[in-house]
Amino acid sequence: MENLQDLDLNALWAEYWPTIMGAVLQVLGALLVLIIGLRIAGWLSNLVKKRTMERPGVDQTLAGFFASLVRWFVTAAVIIATLQVFGVQATSFVAVLGALTLAIGLSLQGALGNIASGVMIMLFRPYKVGDFVEIAGATGTVKDINLFQTYLSTVDNVKIIIPNTEAIDGVIQNYSGYTMRRCDITFGIDYDDDMDKAVGIIRSLAEADERVLKDPEPFVKVTNLGDSSVDITARLWCEAADLWDLKFHMTKAVKEEFDKQGISIPFPHRTLVQKGAS
């Protein structure tokens, strides 16, 4: 009896062993193709980005976008090659893919829209990597743009991910779009102070600062008579990179000079009246 059982097991093993080994080899071959293919996709993506950035006139934005395209196309080819290892013919795969296109398109409308929007961003270039922008209600420096999303880094280093459809559909404010920016600062002085003297102080400080451009000429004028102050506005043109440093410096310098020249900046006063006990 035992000999019969051993015989049956040996017969079954001999019958199914080639099939089992074939399946194992197929799985191993598919894994090998997948691993090597994904590594090639990453290598080609990095190579395209590096070579593109080396070309004059091509910035980091386009380099990253082209690298992303290469990665996706190579990854798709690797998946098709992996399926072929399992015996799925490319023509059959394409036919099945075509039949599923409508369903996939309906379920992935957002993703496909992001891809189209990413292409539009690359074509029309409303912003690029390194620009300081406000898009979709978020403000920060553009760190990366790929097929689906735009990555921002806020001034306090928070990572913000915005779908490309939202980035392209709304109003885009690109603070880095031009090399020059206008720095607007308003100072309030007391009604009893000398307006011309205050204007002269602000103008002299502005003209002495090397960051303030001579053309357009600095504008320093009385612009408003407020409830408790006479408002003087300074509109100073500078390089975009100098905007905030200039604003902070001028605010401090004007306050210090006002104090030296006896010009006061009014501030709210509160009077407390204590009622007598009834």
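This is a predicted model, so every value here is computed, not measured.

Asker: Could you give an account of the environment of Val48, naming the residues involved and the relevant values?
Answerer: Mapped onto the elements, Val48 comes out in helix H1 (residues 2-54). Accessibility expressed as a relative area gives 24% for Val48, which makes it partly exposed. Residues Val48 and Ser68 lie 20 residues apart in sequence; the distance between their C-alpha atoms is 9.3 Å.

Asker: An account of the packing of helix H6 (residues 195-208) against helix H7 (residues 243-261) is needed here, citing residue identities and associated values.
Answerer: It is the contact of H6 with H7, at a shortest axis distance of 10 Å, that shows an interaxial angle of 135°. Between H6 and H7, the crossing angle belongs to the class labelled oblique. Along this stretch, H6 crosses H7, giving a crossing that reads as right-handed. For the pair formed by H6 and H7, the contact residues are Lys197, Ala198, Ile201, Ile202, Leu205 and Ala206 on the first element and Met250, Ala253, Val254, Glu257, Phe258 and Gln261 on the second.

Asker: Would you mind going over the layout of surface pockets in detail, with residue names and values included?
Answerer: For the second largest pocket, the calculated volume is near 190 Å³. Forming the boundary of the second largest pocket are Phe132, Tyr175, Ser176, Arg181, Ala240, Ala241, Leu243, Trp244 and Asp245. Considering every element that reaches the lining of the second largest pocket, the biggest residue donor is H7, with three residues.

Asker: So, the pattern of salt bridges: which residues are in play, and what are the values?
Answerer: By the definition in use, this model includes five salt bridges. One salt bridge in this structure joins Asp209 and Arg211, with 2.9 Å as the shortest N-O distance. Its relative accessible area of 26% is what places Arg211 among the partly exposed residues. Note that Lys255 and Asp259 form a salt bridge whose closest N and O atoms lie 2.6 Å from each other. Residue Lys255 and its partner Asp259 are both found in helix H7; the two are separated by four residues, about one turn of the helix. Among the residues examined, Lys255 registers a relative accessible area of 39% and is labelled partly exposed. Under the relative-accessibility criterion, Asp259 is labelled partly exposed at 47%.

Asker: Report on the sheet that holds strand S4 (residues 159-163), specifying residues and quantitative values.
Answerer: Overall, antiparallel pairing links the five strands, which are arranged S4-S3-S2-S1-S5 in an open sheet. Every interior strand has two partners, whereas the edge strands, S4 and strand S5 (173-174), have only one. Two strands pair when backbone bridges link them, and strand S1 (residues 132-135) and strand S2 (residues 138-145) are joined in this way by four bridges, in the antiparallel orientation. By the bridge assignment for S2, Val133 is matched with Gly140.

Asker: Give me the state of the cysteines: which residues, what numbers.
Answerer: All chains considered together, the criterion is met by zero disulfides. Of all cysteine sulfurs in the structure, the one in Cys183 sits closest to Cys238, which takes part in no disulfide; the separation is 5.8 Å. Taking the relative accessible area as the measure of exposure, Cys238 reaches 0% and is therefore buried.

Asker: Please give an account of the sheet that holds strand S7 (residues 219-225) that cites residues and values.
Answerer: Pairing is antiparallel in the open sheet, where three strands are placed in the order S6-S8-S7. The strands lining the two open edges of the sheet, one partner per strand, are strand S6 (180-189) and S7. When strand polarity is set aside, the average angle formed by the axes of neighbouring strands in this sheet is 25°. Examined bridge by bridge, S6 and strand S8 (residues 230-239) share 10 bridges and lie antiparallel to one another. Counterpart to Cys183 in the pairing with S8 is Leu236. Here H6 sits on the sheet and contacts S6, S7 and S8; the angle it forms with S8, its principal contact strand, is near 15°. Along the sheet, H7 makes contact with S6 and S8, crossing S6 at roughly 25°.

Asker: Any details on the packing of aromatic side chains? Residues and values, ideally.
Answerer: Using the criterion set out here, one finds three aromatic pairs in the structure. With centroids separated by 5.7 Å and ring planes inclined at 45°, the aromatic side chains of Phe132 and Tyr175 adopt a geometry described as tilted. Of this pair, Phe132 sits in strand S1 while Tyr175 sits in the loop between S5 and S6, placing them 43 residues apart in sequence.

The rules behind the values
- Residues numbered from 1 in each chain as written.
- Predicted model: local features only at pLDDT ≥ 70, side-chain atom pairs only at ≥ 80, totals over all residues.
- Heavy atoms only, no water.
- Helix = DSSP H or I, 4+ residues; strand = E, 2+ residues; numbered from the N terminus.
- Buried < 20%, exposed > 50% of the residue type's maximum accessible area, 1.4 Å probe, protein only.
- Axes fitted to C-alpha atoms, helices over the stretch in contact; angles between N-to-C directions.
- Parallel < 35°, antiparallel > 145°, perpendicular 65-115°, else oblique.
- Left-handed = near helix turned anticlockwise from the far one by under 90°.
- Contact = heavy atoms within 4.5 Å.
- 1 Å grid on protein atoms, 1.4 Å probe; cavity = no way out; pocket = protein on both sides within 12 Å on 5 of 7 lines; lining within 4 Å.
- Points joined across faces, edges and corners; volume = space filled by probe spheres on them.
- Salt bridge = Lys/Arg side-chain N within 4 Å of Asp/Glu carboxyl O.
- Pairing = 2+ DSSP bridges.
- Disulfide = S-S within 2.5 Å.
- Phe/Tyr/Trp six-rings, centres within 6.5 Å; stacked < 30°, edge-to-face > 60°.

Shape descriptors only; they carry no functional weight alone.
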